[in-house]
Amino acid sequence: MAQDHFLSFNKSKYLKWAGALCAICIGLYLADSPPIKPGGGTWLGYGLGALGFGLILWLMAFGLRKRAYRSNLGSVRGWLSAHVYLGLALAVVATLHTGFELGVNVHSAAYVLTLAVIASGIWGVILYVRQPALMGNLLNGQTLQNLGSGLRDIDDQCRKLAQGLSPDIQGLVKNSSTGRIFANRWQRFSGKNPNCATQRTVDTLAEKNNGASPAQRELYNLQFRRLQQLLRIREFVRSRTWTEVWLLLHVPLSFGLLGSLVAHVVSVFFYW
Amino acid sequence: MDHNTPVDPITAEIGGLQKPLKGRRPLSWFLFSAMLGLTLVLPVLAILFSPAAPSAPSDSSTPNPSTPFALDVVWNPGPVANAHQAWANDCQVCHSSPFSRVKDADCVACHKTTAGHVDPTTTKVSALEEVRCATCHRDHQGAFGLALQNKHFEGQNCAACHADIKKTMPETQTLNVRDFGQEHPEFRVQVLGAATGPTAAAGTDRLRRVRQASGVVLTEATTLKFPHDVHLASKGVRSPEGLVKMNCDGCHKPNSDRSSFQPVAMKEHCQSCHALKFEPALTNREVPHGSADEVLSTLREFYSYVSLNRVQLDGSKLSPAQRFIALPGKEDRLPTFVNGAGDARSRAAASATDLFERTSCVVCHTVNRLDVAGKAGTPGADLPQWAIAPVAGQHAWMPKARFVHSAHEASKCTDCHSAPDSKKASDVLMPDIAVCRDCHMGAEKVANKVASDCGTCHGFHMAPHEVKAQAPASTTTPLAASPAALATQRQTAQLAAKP
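Conventions we followed
- Residues numbered from 1 in each chain as written.
- Chains lettered and ligands numbered in written order.
- Predicted model: local features only at pLDDT ≥ 70, side-chain atom pairs only at ≥ 80, totals over all residues.
- Heavy atoms only, no water.
- Helix = DSSP H or I, 4+ residues; strand = E, 2+ residues; numbered from the N terminus.
- Buried < 20%, exposed > 50% of the residue type's maximum accessible area, 1.4 Å probe, protein only.
- Contact = heavy atoms within 4.5 Å.
- Areas by Shrake-Rupley, 256 points an atom, 1.4 Å probe, with all protein chains shown as cover.
- Axes fitted to C-alpha atoms, helices over the stretch in contact; angles between N-to-C directions.
- Parallel < 35°, antiparallel > 145°, perpendicular 65-115°, else oblique.
- Left-handed = near helix turned anticlockwise from the far one by under 90°.
- Nonpolar A, V, L, I, M, F, W, Y, C, P; charged D, E, K, R; others polar.
- Domains from an automatic or database assignment.
- Buried area = accessible area lost by both parts, 1.4 Å probe.
- Salt bridge = Lys/Arg side-chain N within 4 Å of Asp/Glu carboxyl O.
- Polar contact = N/O pair within 3.5 Å; in protein donor to acceptor, adjacent residues only side chain to side chain.
- Patch = residues over 30% accessible without salt bridge, like charges linked within 9 Å, V, L, I, M, F, W, Y side chains within 5 Å.
- Core = buried A, V, L, I, M, F, W, Y, C linked by side-chain atoms within 4.5 Å.
- Phe/Tyr/Trp six-rings, centres within 6.5 Å; stacked < 30°, edge-to-face > 60°.
- Lys NZ or Arg CZ within 6 Å of the ring centre and 35° of its normal.
- pLDDT = per-residue confidence, 0-100.
- Arc of directions from axis to C-beta.
- Expected span 1.5 Å × (residues − 1).
- Bend = angle between axes of the 7 residues up to and from the residue.

Caption draft 1: Examining the overall build of chain B more closely. Looking only at helices and strands, chain B has 19 helices and eight strands in total. Looking at the 499 residues of chain B, the share that counts as buried comes to 33%. Long-range pairs, those at least 24 residues apart, make up 60% of the contacts in chain B between residues at least 6 apart in sequence. Accessible surface, chain B as shown: approximately 29300 Å² in total, 59% of it carbon and sulfur.

Have a look at this one:
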């Protein structure tokens with residue numbers, strides 16, 4: 001995995017590139033003694049600004065490359081690796097471009113948005129490093145659809161077993177099979193459904209388990225497995241929802257940044 | 001969920017859960033448009049529809065427009081300098097046209113009196129033609145940003161032109177300068193030239209800058225007599241109260257900001273010893289330190305009174321102090337006028353002769369007896385006439401350099417000015433470059449020396465009055481008036497006054 005991972009892609013080639021870029025920029029900044037206060041208005045400031053502008057456009061182009069499935073322009077994993085490391089380098093370039101001067105204006109707004117996008121990006125990296133499976137729709141090597149089929153299989157088996165049992169039990173099995181994974185959309189964020197029908201069925205069957213028939217005990221086992229599957233699905237959906245929340249921040253914030261960046265560049269030259 | 005398709009609930013719900021959270025695209029559009037709209041589109045529209053501004057600082061006839069609701073203030077990249085705070089929300093006062101760098105015309109609209117580096121009417125320097133005000137003066141760098149930049153630029157890059165100034169400007173009088181410590185010519189001191197020739201008679205400016213040479217004391221054509229050595233003698237100088245030890249600050253009082261000095265004034269600094277008494281045995285009255293006419297009229301009136309009232313005059317009874325007052329520093333020679341005899345006119349004439357030629361005026365001034373009639377209608381008109389050579393007012397010694405005395409207060413005056421050795425007022429007591437180099441070296445740091453770049457003493461801009469094109473015809477006091485010229489003026493005035 002080490003070589004294959006997006007953070008260590010191609011012997012961490014882009015980490016080295018980004019590190020070199022930062023080192024060069026910091027070195028130039030330290031060596032520069034501009035006649036005015038360091039910032040976007042010195043020659044180095046213009047250079048760092050142009051570099052930062054180019055980086056932002058390229059970083060946002062990752063969204064296009066990700067969707068261009070037929071593109072041969074490098075692997076998406078390579079792009080992601082470069083996206084992460086050059087995105088981090090952007091924080092250094094942008095900070096040097098400001099000359100450590102902030103105010104209440106469009107220029108600082110662009111800078112703050114840049115840092116916000118980078119911060120959300122770091123959050124995304126942490127999410128993906130801790131749960132690589134979230135990058136796909138996979139759970140234990142299975143898709144969510146597979147897991148759904150598994151639930152239906154269990155329900156079919158339970159229905160057959162319940163046919164020889166009391167109407168109470170049959171009702172419990174039916175409730176369990178028609179119960180919802182999440183009762184409402186907000187439960188996706190917590191991953192919990194406190195009113196879970198399968199949970200109720202399992203609880204009730206557990207109470208009646210003493211001296212129960214083998215069929216009923218088998219039914220209990222099947223329902224218990226169903227509950228385990230459900231909990232797994234909920235936990236997975238919860239995790240994936242939060243990765244989507246991350247993208248819901250990362251992408252719109254970067255477009256807000258694009259807007260303020262255009263305003264920043266145009267305004268600087270409008271009132272040169 | 002789609003109710004028309006017969007899908008079981010679990011498959012349907014899982015299908016729903018697999019759809020990503022909605023809103024990424026609209027939220028992206030919203031943030032993009034909001035940022036672009038609020039911080040670019042609105043300000044640009046406001047600028048395009050700006051009415052003319054009444055708040056423009058200049059009194060120019062076409063003031064720059066003012067942006068409605070100051071919507072362009074979101075573009076302000078940093079606080080403007082304190083002096084510009086009044087227009088901090090009025091961007092177009094300085095930024096008059098879009099996508100163009102701030103124009104010099106916008107600066108000069110207010111800074112009318114700021115002159116360039118050279119006089120454009122006499123000197124053309126191609127390298128300076130590309131320099132804008134904003135090349136050096138960049139605002140939005142904080143309340144004191146401009147002041148800091150001024151300090152920075154003053155010492156920068158002077159040598160780029162001045163190290164070999166003759167190459168670019170063969171006709172210049174300026175010598176090559178690279179660095180104060182290593183290559184800087186001797187100072188040129190501004191002195192008063194001799195009052196001769198047609199220009200002097202016409203009263204034009206006699207100030208000229210003369211280069212110092214080591215071991216040579218420059219002299220100035222002053223009409224004043226003042227031996228610094230006598231007054232600063234270590235044993236003291238004689239006064240009505242006996243020997244008095246005088247110091248520089250007895251006469252040279254700092255001005256209000258202590259950068260330089262107030263003019264020395266007869267009444268405050270000289271007259272306690274050099275009194276203008278003329279009959280010390282009888283009266284403490286003094287003649288006015290003013291025009292010769294006033295002096296002569298005072299004497300004529302006094303001796304008329306003495307004659308009319310038969311007042312006894314006896315100079316032999318003068319006390320030592322009275323004797324001193326009559327002729328400071330020269331006790332042995334009693335003035336003659338105290339024993340004068342005859343009628344009022346001849347007594348006044350004798351007294352005037354003593355005052356002008358022996359005891360008072362002549363002690364400090366260049367006095368010339370004139371063969372002309374006195375000022376018509378004044379009591380002293382029938383007395384002999386004299387002219388006091390005009391004394392030039394204070395002038396700057398080093399007008400191209402900046403020197404603040406208060407910054408050097410810790411030093412003794414005599415560290416730089418060798419006044420105790422000077423016998424004549426014509427000695428120019430300005431220190432030469434070697435004296436400055438005792439403490440100051442060039443821009444590069446030298447152990448135990450003050451690092452001094454060009455900006456330590458020099459500014460970039462000419463003083464407004466130095467630019468001939470801008471200066472009014474003549475604001476300087478006429479310095480020259482030779483006795484002959486004065487006599488001519490007086491005769492002309494008399495002719496004109498006669499019916």
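Caption draft 2: Quick look at the packing of helix 12 (residues 292-308) of chain B against helix 14 (residues 344-359) of chain B. Residue and element names in this part refer to chain B. It is the contact of helix 12 with helix 14, at a shortest axis distance of 8 Å, that shows an interaxial angle of 140°. As the angle between them shows, helix 12 and helix 14 are arranged oblique. In the crossing of helix 12 with helix 14, the sense of the turn from one axis to the other is right-handed. Contacts from Ala 292, Val 295, Leu 296, Leu 299, Arg 300, Tyr 303, Ser 304, Val 306 and Ser 307 of helix 12 reach helix 14 at Ala 344, Arg 345, Arg 347, Ala 348, Ser 351, Ala 352, Leu 355 and Phe 356. In terms of residue class, the contact of helix 12 with helix 14 is built from 11 nonpolar, three polar and three charged.

Caption draft 3: How the structure looks around the domain arrangement of chain A. Domain parsing of chain A yields domain 1 (9-138 + 242-270) and domain 2 (144-240). Each of domain 1 of chain A and domain 2 of chain A was reduced to a C-alpha centroid, and the two centroids are 47 Å apart.

Caption draft 4: The interface of chain B and chain A, seen in detail. Taken together, the contact pairs 48 residues of chain B with 49 residues of chain A. When chain B packs against chain A, the two sides together hide about 4200 Å² of surface, and 67% of this comes from carbon and sulfur. Contact with chain A buries area across many residues of chain B, yet Leu 17, Leu 21 and Arg 24 of chain B alone supply 17% of it, more than any other trio. The tally of links from chain B across to chain A stands at one salt bridge. Put simply, Arg 180 of chain A and Glu 13 of chain B hold a salt bridge, and the shortest N to O gap is 3.7 Å. Joining chain B to chain A, the criterion identifies 15 residue pairs in polar contact (both at pLDDT 80 or more). Every element with two or more residues in the side of chain B that touches chain A is listed here: helix 1 (9-18), helix 2 (24-48) and helix 6 (145-154) of chain B. Here the side of chain B that touches chain A gets 11 residues from one element, more than from any other, and that element is helix 2 of chain B. Among the residues forming the side of chain B that touches chain A, the class breakdown is 22 nonpolar, 18 polar and eight charged.

Caption draft 5: Region of the structure containing the pattern of salt bridges. Scanning the entire structure with this criterion turns up 13 salt bridges over all chains. For Arg 226 of chain A, the salt bridge is made with Asp 155 of chain A, and the minimal N-O distance between the two is 2.7 Å. Placement of the pair is Arg 226 of chain A in helix 10 (residues 214-270) and Asp 155 of chain A in helix 6 (residues 144-162), with a sequence separation of 71 residues. Residue Asp 229 of chain B is joined to Lys 423 of chain B by a salt bridge in which the shortest nitrogen-to-oxygen separation is 3.2 Å.

Caption draft 6: Inspection of a nonpolar patch on the surface at higher detail. Among the surface-exposed residues, Val 41, Leu 45, Leu 48 and Phe 49 of chain B lie close enough to one another that they form a single nonpolar patch of about 430 Å² accessible area. Counting through the fold element by element, Leu 48 of chain B comes out in helix 2.

Caption draft 7: Focus on unusual backbone geometry. For Phe 100 of chain A, which is not glycine, the phi dihedral falls at a positive 60°. With respect to the helices and strands, the residue Phe 100 of chain A is situated in the loop between helix 4 (76-98) and helix 5 (106-130). Positive phi is not limited to glycine here, since Ala 70 of chain B has a value of about 50°. The class for Ala 70 of chain B is partly exposed, based on a relative accessible area of 27%.

Caption draft 8: Structural detail: the environment of Asp 229 of chain B. Residues and elements named next belong to chain B. One can find Asp 229 in helix 10 (residues 228-231). Taking the C-alpha atoms as reference, Asp 229 lies 4.5 Å from Pro 420; in sequence the two are 191 residues apart. Discounting residues that sit within four places of it in the chain, Asp 229 has contacts with Ala 419, Pro 420, Asp 421, Ser 422 and Lys 423. A polar contact of 3.2 Å, which involves the side chain of Asp 229, links it to the side chain of Lys 423.

Caption draft 9: Up close: the nonpolar core. If you look at the biggest cluster of nonpolar residues, it comprises 27 residues, and the most contacted ones within it are Leu 144, Ile 181, Leu 219 and Ile 233 of chain A. Elements that contribute at least two residues to this core include exactly helix 6, helix 7 (167-178), helix 9 (197-207) and helix 10 of chain A together with helix 1 of chain B. Looking at this core element by element, the count peaks at eight residues for helix 10 of chain A.

Caption draft 10: Molecular detail of the packing of aromatic side chains. Under the counting rule described, the total for this entry stands at 19 aromatic pairs over all chains. Here Trp 58 of chain A and Trp 79 of chain A contribute two aromatic rings whose centre-to-centre distance is 5.4 Å and whose plane-to-plane angle is 20°, an arrangement assigned as stacked. Here Trp 58 of chain A is found in helix 2 (residues 43-60), whereas its partner Trp 79 of chain A is found in helix 4, with 21 residues between them in sequence. Residue classification places Trp 58 of chain A among the partly exposed positions, given a relative accessible area of 27%. Positioned above the aromatic ring of Phe 180 of chain B is the side chain of Arg 437 of chain B, whose terminal nitrogen or guanidinium carbon lies 5.5 Å from the ring centre.

Caption draft 11: A look at the environment of Arg 70 of chain A. The topology assignment puts Arg 70 of chain A in the loop between helix 3 (62-67) and helix 4. The spacing of Arg 70 of chain A and Ser 260 of chain A is 190 residues in sequence and 32 Å in space, taken between C-alpha atoms.

Caption draft 12: The arrangement of the side chain of Asn 76 of chain B in detail. By the secondary structure assignment, Asn 76 of chain B is in the loop between helix 2 and helix 3 (104-108). Among the residues examined, Asn 76 of chain B registers a relative accessible area of 17% and is labelled buried. Those residues in contact with Asn 76 of chain B, other than ones at most four positions away along the chain, are Asn 105 and His 107 of chain A together with Ala 88 and His 140 of chain B.

Caption draft 13: Local environment of the confidence of the model for chain B. Residues and elements named next belong to chain B. Summary statistics for chain B give a mean pLDDT of 81 and a share of 81% for residues scoring 70 or more. Below a pLDDT of 50 lies the segment residues 198-204, which in the model reaches eight contacts outside its immediate sequence neighbourhood of four places, other chains included. Taken as a whole, residues 469-499 scores under 50 in pLDDT and shows 33 contacts with residues more than four places along the chain or in a different chain. The ipTM, which scores confidence in the relative placement of chains, is 0.85 for this predicted complex, and the corresponding pTM is 0.72.

Caption draft 14: Just the packing of helix 2 of chain A against helix 4 of chain A, in detail. Residue and element names in this part refer to chain A. Interhelical geometry of helix 2 versus helix 4 gives an angle of 150° and a closest axis separation of 9 Å. In this view, helix 2 runs roughly antiparallel relative to helix 4, as classed from their interaxial angle. In terms of crossing hand, the pair formed by helix 2 and helix 4 is left-handed. Seen from helix 2, the contacting residues are Gly 45, Leu 48, Gly 49, Leu 51, Gly 52, Leu 55, Ile 56, Trp 58 and Leu 59; seen from helix 4, they are Trp 79, Ala 82, His 83, Leu 86, Gly 87, Leu 90, Val 93, Leu 96 and His 97. Residues of the contact of helix 2 with helix 4, tallied by class, amount to 12 nonpolar, six polar and no charged.

Caption draft 15: Structural detail: helix 9 of chain A. Within helix 9 of chain A the residues assigned to the buried category are Ala 197, Thr 198, Thr 201, Val 202 and Leu 205 of chain A. Buried residues of helix 9 of chain A, seen end-on, are gathered within an arc of 135° and therefore sit on one face of the element.

Caption draft 16: Structural view of helix 2 of chain B. Compared with an ideal rise of 1.5 Å per residue, which puts 25 residues at 36 Å, helix 2 of chain B spans 34 Å between its outermost C-alpha atoms and is within 8% of the ideal. If you look at helix 2 of chain B, its biggest bend is around 45°, right at Gly 37 of chain B. Considered for burial, the residues of helix 2 of chain B that qualify are Ser 28, Phe 32, Met 35, Leu 36, Gly 37, Thr 39, Leu 40, Pro 43, Val 44, Ala 46 and Ile 47 of chain B. As for helix 2 of chain B, its buried residues are in contact with helix 5 and helix 10 of chain A.

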